[in-house]
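Here is how the chains run, residue by residue.
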Amino acid sequence: MADAETGTEPDAPRTEESRSLVAGSFRRAYADTESRLLKSYVVVSLFLGGVLALLLLLALPVWVLNTAGGSELATFSRAFLIVGGVLLLVALAAPVLSAGQRHARGTATARADASLALAGYLFVLSLYVSLLISAPPEQREAPPALLAPAVDLLYSVPSIYAVAPPLVAAALVLVVHRFAG
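What you see is a predicted model, and the numbers here were worked out from it, not measured in a lab.

Trainee: Help me out: how do you make sense of the overall build of the protein chain in this one?
Mentor: When you go through the protein chain residue by residue, the secondary structure sums to six helices and zero strands. Across the protein chain, helices and strands are ordered from the amino to the carboxyl terminus as α-α-α-α-α-α. Within the protein chain, the proportion of its 181 residues that are buried is 30%. A fraction of 67% describes how many contacts in the protein chain between residues 6 or more apart in sequence connect residues 24 or more apart. Summed over its atoms, the accessible surface of the protein chain is roughly 12000 Å², and 69% of this surface lies on carbon and sulfur atoms.

Trainee: I keep staring at the side chain of serine 25 and nothing clicks. Help me out?
Mentor: Looking at the secondary structure, you find serine 25 in helix H1 (residues 21–32). At 3.0 Å, the side chain of serine 25 and the side chain of glutamine 101 are in polar contact. Leave out the neighbours within four places in its chain, and serine 25 touches Val96, Leu97, Gly100 and Gln101.

Trainee: Would you take a moment to explain the packing of aromatic side chains for this structure?
Mentor: Enumeration according to the criterion identifies one aromatic pair in this entry. Ring centres of tyrosine 41 and tyrosine 121 lie 5.2 Å apart, and the angle between their planes is 75°; on these two criteria the pair is classed as edge-to-face. One end of the pair, tyrosine 41, is in helix H2 (residues 36–67); the other, tyrosine 121, is in helix H4 (residues 110–134), with 80 residues separating them in the sequence. What makes tyrosine 41 buried here is its relative accessible area of 0%. On the basis of relative accessibility, which here comes to 25%, the residue tyrosine 121 falls in the partly exposed class. Above the plane of the ring of phenylalanine 179 lies arginine 178, whose end atom (NZ or CZ) is 5.6 Å from the centre.

Trainee: Any chance you could explain helix H6 (residues 164–179) here in plain terms?
Mentor: Think of an α-helix as 3.6 residues a turn; residues three or four steps apart then line up on the same face. Its 16 residues give H6 an end-to-end C-alpha distance of 23 Å, which sits within 8% of 22 Å, the value for a rise of 1.5 Å per residue. Listed in full, the buried residues belonging to H6 are Pro165, Pro166, Ala169, Val173 and Val176. Buried residues of H6, viewed axially, fall in a sector of 95°; they line one side. Turned more than 90 degrees off the buried face of H6, the exposed positions are Leu167, Val168, Leu174, Arg178 and Phe179.

Trainee: How should I be thinking about the environment of proline 165 in this particular structure?
Mentor: Mapped onto the fold, proline 165 is located in helix H6. Given a relative accessible area of 18%, proline 165 falls into the buried group. It is 9.5 Å that separates the C-alpha atoms of proline 165 and leucine 122, two residues lying 43 residues apart in sequence. Beyond its immediate stretch of four places on either side in the chain, proline 165 contacts Ser126, Val129 and Ile133.

Trainee: What should I look at first to understand H4 in this one?
Mentor: Compared with an ideal rise of 1.5 Å per residue, which puts 25 residues at 36 Å, H4 spans 36 Å between its outermost C-alpha atoms and is within 8% of the ideal. For H4, the complete set of buried residues consists of Ala112, Asp113, Leu116, Ala117, Ala119, Gly120, Phe123, Ser126, Val129, Ser130, Leu132 and Ile133.

Trainee: What is the right way to read the packing of H4 against helix H5 (residues 148–156) from this model?
Mentor: For any two helices packed against each other, the geometry is given by the interaxial angle and the distance between the axes. At a minimum axis distance of 7 Å, the contact between H4 and H5 shows a crossing angle of 60°. Classified by the angle their axes make, H4 and H5 are oblique. For H4 against H5, the interelement crossing comes out right-handed. Listed contacts from H5 to Val129, Leu132 and Ile133 of H4 are Val151, Leu154 and Tyr155. For the contact of H4 with H5, a count of residues per class yields six nonpolar, no polar and no charged.

Trainee: Honestly, the nonpolar core in this entry has me stumped. Any pointers?
Mentor: Considering soluble globular proteins, one finds that nonpolar side chains tend to be buried as a cluster. Formed by 19 residues in total, the largest nonpolar core has its most connected members in Ala29, Leu38, Val42, Val96 and Phe123. Contributing elements (two or more residues each) for this core: H1, H2, helix H3 (72–105), H4 and H6. Those residues in contact with valine 42 that lie beyond four places of it in its chain are Phe26, Ala29, Tyr30 and Val96. Residues Leu132, Ile133, Ala135 and Val151 belong to the second largest nonpolar core, which totals eight residues.

What counts as what
Residues numbered from 1 in each chain as written. Predicted model: local features only at pLDDT ≥ 70, side-chain atom pairs only at ≥ 80, totals over all residues. Heavy atoms only, no water. Helix = DSSP H or I, 4+ residues; strand = E, 2+ residues; numbered from the N terminus. Buried < 20%, exposed > 50% of the residue type's maximum accessible area, 1.4 Å probe, protein only. Contact = heavy atoms within 4.5 Å. Areas by Shrake-Rupley, 256 points an atom, 1.4 Å probe, with all protein chains shown as cover. Polar contact = N/O pair within 3.5 Å; in protein donor to acceptor, adjacent residues only side chain to side chain. Phe/Tyr/Trp six-rings, centres within 6.5 Å; stacked < 30°, edge-to-face > 60°. Lys NZ or Arg CZ within 6 Å of the ring centre and 35° of its normal. Expected span 1.5 Å × (residues − 1). Arc of directions from axis to C-beta. Axes fitted to C-alpha atoms, helices over the stretch in contact; angles between N-to-C directions. Parallel < 35°, antiparallel > 145°, perpendicular 65-115°, else oblique. Left-handed = near helix turned anticlockwise from the far one by under 90°. Nonpolar A, V, L, I, M, F, W, Y, C, P; charged D, E, K, R; others polar. Core = buried A, V, L, I, M, F, W, Y, C linked by side-chain atoms within 4.5 Å.

Bear in mind that shape data such as this cannot, by itself, settle questions of function.
In C-alpha coordinates, the structure reads:
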(Lines give C-alpha, C1' and ligand atoms only; values in the text may rest on other atoms or scores of the structure.)
Protein backbone atom coordinates (compact mmCIF):
# COMPACT_ATOMS: atom_id res chain seq x y z
CA MET A 1 0.00 0.00 0.00
CA ALA A 2 1.44 3.39 -0.97
CA ASP A 3 2.09 6.07 1.61
CA ALA A 4 -0.55 8.79 1.14
CA GLU A 5 1.86 11.62 1.92
CA THR A 6 4.75 10.73 -0.36
CA GLY A 7 3.19 8.29 -2.81
CA THR A 8 5.90 5.71 -2.06
CA GLU A 9 5.80 2.28 -0.55
CA PRO A 10 6.15 2.34 3.27
CA ASP A 11 9.38 0.31 3.17
CA ALA A 12 10.98 2.44 0.44
CA PRO A 13 13.74 4.74 1.69
CA ARG A 14 12.77 8.39 1.82
CA THR A 15 15.01 10.96 0.26
CA GLU A 16 15.45 14.27 1.97
CA GLU A 17 16.10 16.14 -1.27
CA SER A 18 14.44 19.51 -1.44
CA ARG A 19 12.41 20.47 -4.46
CA SER A 20 13.80 24.00 -4.15
CA LEU A 21 17.20 24.68 -5.67
CA VAL A 22 17.90 27.38 -3.09
CA ALA A 23 16.79 25.46 0.01
CA GLY A 24 18.49 22.30 -1.20
CA SER A 25 21.74 24.14 -1.92
CA PHE A 26 21.76 25.83 1.48
CA ARG A 27 21.04 22.53 3.23
CA ARG A 28 23.63 20.64 1.18
CA ALA A 29 26.32 23.31 1.52
CA TYR A 30 25.90 23.37 5.30
CA ALA A 31 25.64 19.62 5.79
CA ASP A 32 28.25 18.38 3.32
CA THR A 33 31.10 20.84 3.79
CA GLU A 34 33.94 20.39 6.20
CA SER A 35 34.79 24.09 6.00
CA ARG A 36 33.72 25.96 9.12
CA LEU A 37 34.09 29.17 7.15
CA LEU A 38 31.49 28.04 4.63
CA LYS A 39 29.18 26.78 7.37
CA SER A 40 29.37 30.16 9.06
CA TYR A 41 28.75 31.96 5.76
CA VAL A 42 25.68 29.79 5.10
CA VAL A 43 24.22 30.94 8.42
CA VAL A 44 25.26 34.59 7.94
CA SER A 45 23.93 34.77 4.37
CA LEU A 46 20.67 33.14 5.38
CA PHE A 47 20.22 35.65 8.21
CA LEU A 48 21.27 38.70 6.16
CA GLY A 49 19.19 37.55 3.20
CA GLY A 50 16.13 37.27 5.43
CA VAL A 51 16.74 40.72 6.92
CA LEU A 52 17.31 42.23 3.47
CA ALA A 53 14.17 40.60 2.06
CA LEU A 54 12.14 41.86 5.04
CA LEU A 55 13.51 45.39 4.63
CA LEU A 56 12.69 45.34 0.92
CA LEU A 57 9.15 44.18 1.61
CA LEU A 58 8.69 46.90 4.21
CA ALA A 59 10.28 49.59 2.03
CA LEU A 60 8.26 48.85 -1.08
CA PRO A 61 4.90 50.27 0.10
CA VAL A 62 6.61 53.38 1.47
CA TRP A 63 8.53 53.85 -1.77
CA VAL A 64 5.36 53.40 -3.85
CA LEU A 65 3.43 55.93 -1.73
CA ASN A 66 6.27 58.45 -1.91
CA THR A 67 6.54 58.18 -5.68
CA ALA A 68 2.84 57.77 -6.55
CA GLY A 69 1.60 60.23 -9.13
CA GLY A 70 5.14 61.15 -10.06
CA SER A 71 6.98 61.06 -13.33
CA GLU A 72 8.26 58.10 -15.31
CA LEU A 73 11.48 58.42 -13.34
CA ALA A 74 9.54 57.67 -10.15
CA THR A 75 8.10 54.54 -11.76
CA PHE A 76 11.57 53.51 -12.84
CA SER A 77 12.90 54.05 -9.31
CA ARG A 78 10.23 51.68 -7.94
CA ALA A 79 11.29 49.02 -10.41
CA PHE A 80 14.92 49.65 -9.52
CA LEU A 81 14.21 48.96 -5.84
CA ILE A 82 12.85 45.53 -6.69
CA VAL A 83 15.52 44.67 -9.25
CA GLY A 84 18.35 45.99 -7.08
CA GLY A 85 17.07 44.11 -4.05
CA VAL A 86 16.79 40.85 -5.95
CA LEU A 87 20.31 41.31 -7.34
CA LEU A 88 21.65 41.86 -3.82
CA LEU A 89 19.89 38.71 -2.61
CA VAL A 90 21.26 36.70 -5.54
CA ALA A 91 24.81 37.93 -4.95
CA LEU A 92 24.47 37.18 -1.23
CA ALA A 93 23.30 33.62 -1.87
CA ALA A 94 25.54 32.87 -4.89
CA PRO A 95 28.51 31.43 -2.93
CA VAL A 96 26.21 29.06 -1.05
CA LEU A 97 24.38 28.02 -4.21
CA SER A 98 27.68 27.38 -5.96
CA ALA A 99 29.01 25.31 -3.06
CA GLY A 100 25.75 23.37 -2.81
CA GLN A 101 25.81 22.52 -6.49
CA ARG A 102 29.46 21.46 -6.29
CA HIS A 103 28.59 19.13 -3.42
CA ALA A 104 25.63 17.74 -5.35
CA ARG A 105 27.88 16.96 -8.34
CA GLY A 106 30.61 15.56 -6.10
CA THR A 107 33.20 18.09 -7.32
CA ALA A 108 33.50 20.12 -4.11
CA THR A 109 36.86 20.68 -2.46
CA ALA A 110 37.76 22.23 0.86
CA ARG A 111 39.69 24.95 -0.97
CA ALA A 112 36.71 25.82 -3.17
CA ASP A 113 34.37 25.92 -0.16
CA ALA A 114 36.71 28.26 1.74
CA SER A 115 37.23 30.45 -1.34
CA LEU A 116 33.50 30.78 -1.92
CA ALA A 117 32.92 31.64 1.73
CA LEU A 118 35.67 34.29 1.66
CA ALA A 119 34.21 35.80 -1.51
CA GLY A 120 30.80 35.85 0.20
CA TYR A 121 32.16 37.58 3.28
CA LEU A 122 33.90 40.13 1.05
CA PHE A 123 30.53 40.81 -0.58
CA VAL A 124 28.98 41.40 2.85
CA LEU A 125 31.85 43.74 3.73
CA SER A 126 31.34 45.57 0.42
CA LEU A 127 27.73 46.23 1.39
CA TYR A 128 28.92 47.85 4.61
CA VAL A 129 31.50 49.92 2.71
CA SER A 130 28.74 50.98 0.32
CA LEU A 131 26.59 52.09 3.24
CA LEU A 132 29.48 54.15 4.64
CA ILE A 133 30.06 55.84 1.28
CA SER A 134 26.39 56.65 0.79
CA ALA A 135 25.69 57.80 4.36
CA PRO A 136 24.16 61.29 4.45
CA PRO A 137 26.47 63.83 6.14
CA GLU A 138 24.00 64.51 8.96
CA GLN A 139 23.92 60.81 9.86
CA ARG A 140 27.68 60.25 9.97
CA GLU A 141 29.11 59.57 13.39
CA ALA A 142 32.66 59.74 14.62
CA PRO A 143 34.21 56.30 14.12
CA PRO A 144 36.41 54.51 16.66
CA ALA A 145 39.99 55.81 16.65
CA LEU A 146 41.38 52.62 15.13
CA LEU A 147 39.01 52.77 12.14
CA ALA A 148 38.86 56.57 11.81
CA PRO A 149 41.27 56.95 8.86
CA ALA A 150 39.52 54.29 6.77
CA VAL A 151 36.01 55.49 7.63
CA ASP A 152 36.95 59.14 6.99
CA LEU A 153 38.33 58.11 3.59
CA LEU A 154 35.07 56.33 2.77
CA TYR A 155 33.02 59.33 3.95
CA SER A 156 35.02 61.54 1.57
CA VAL A 157 34.16 59.41 -1.49
CA PRO A 158 31.25 60.90 -3.51
CA SER A 159 27.98 59.04 -2.89
CA ILE A 160 27.61 58.15 -6.57
CA TYR A 161 30.44 55.63 -6.14
CA ALA A 162 28.59 53.69 -3.43
CA VAL A 163 27.48 51.12 -6.00
CA ALA A 164 31.08 50.24 -6.94
CA PRO A 165 32.10 48.05 -3.95
CA PRO A 166 29.15 45.61 -4.26
CA LEU A 167 29.63 45.39 -8.02
CA VAL A 168 33.32 44.58 -7.65
CA ALA A 169 32.62 42.07 -4.89
CA ALA A 170 29.86 40.40 -6.93
CA ALA A 171 32.27 40.12 -9.85
CA LEU A 172 34.78 38.52 -7.47
CA VAL A 173 32.15 35.96 -6.41
CA LEU A 174 31.63 35.11 -10.09
CA VAL A 175 35.39 34.72 -10.64
CA VAL A 176 35.74 32.48 -7.60
CA HIS A 177 32.75 30.43 -8.74
CA ARG A 178 34.34 29.98 -12.13
CA PHE A 179 37.90 29.19 -11.06
CA ALA A 180 37.66 27.67 -7.55
CA GLY A 181 38.62 24.09 -6.97
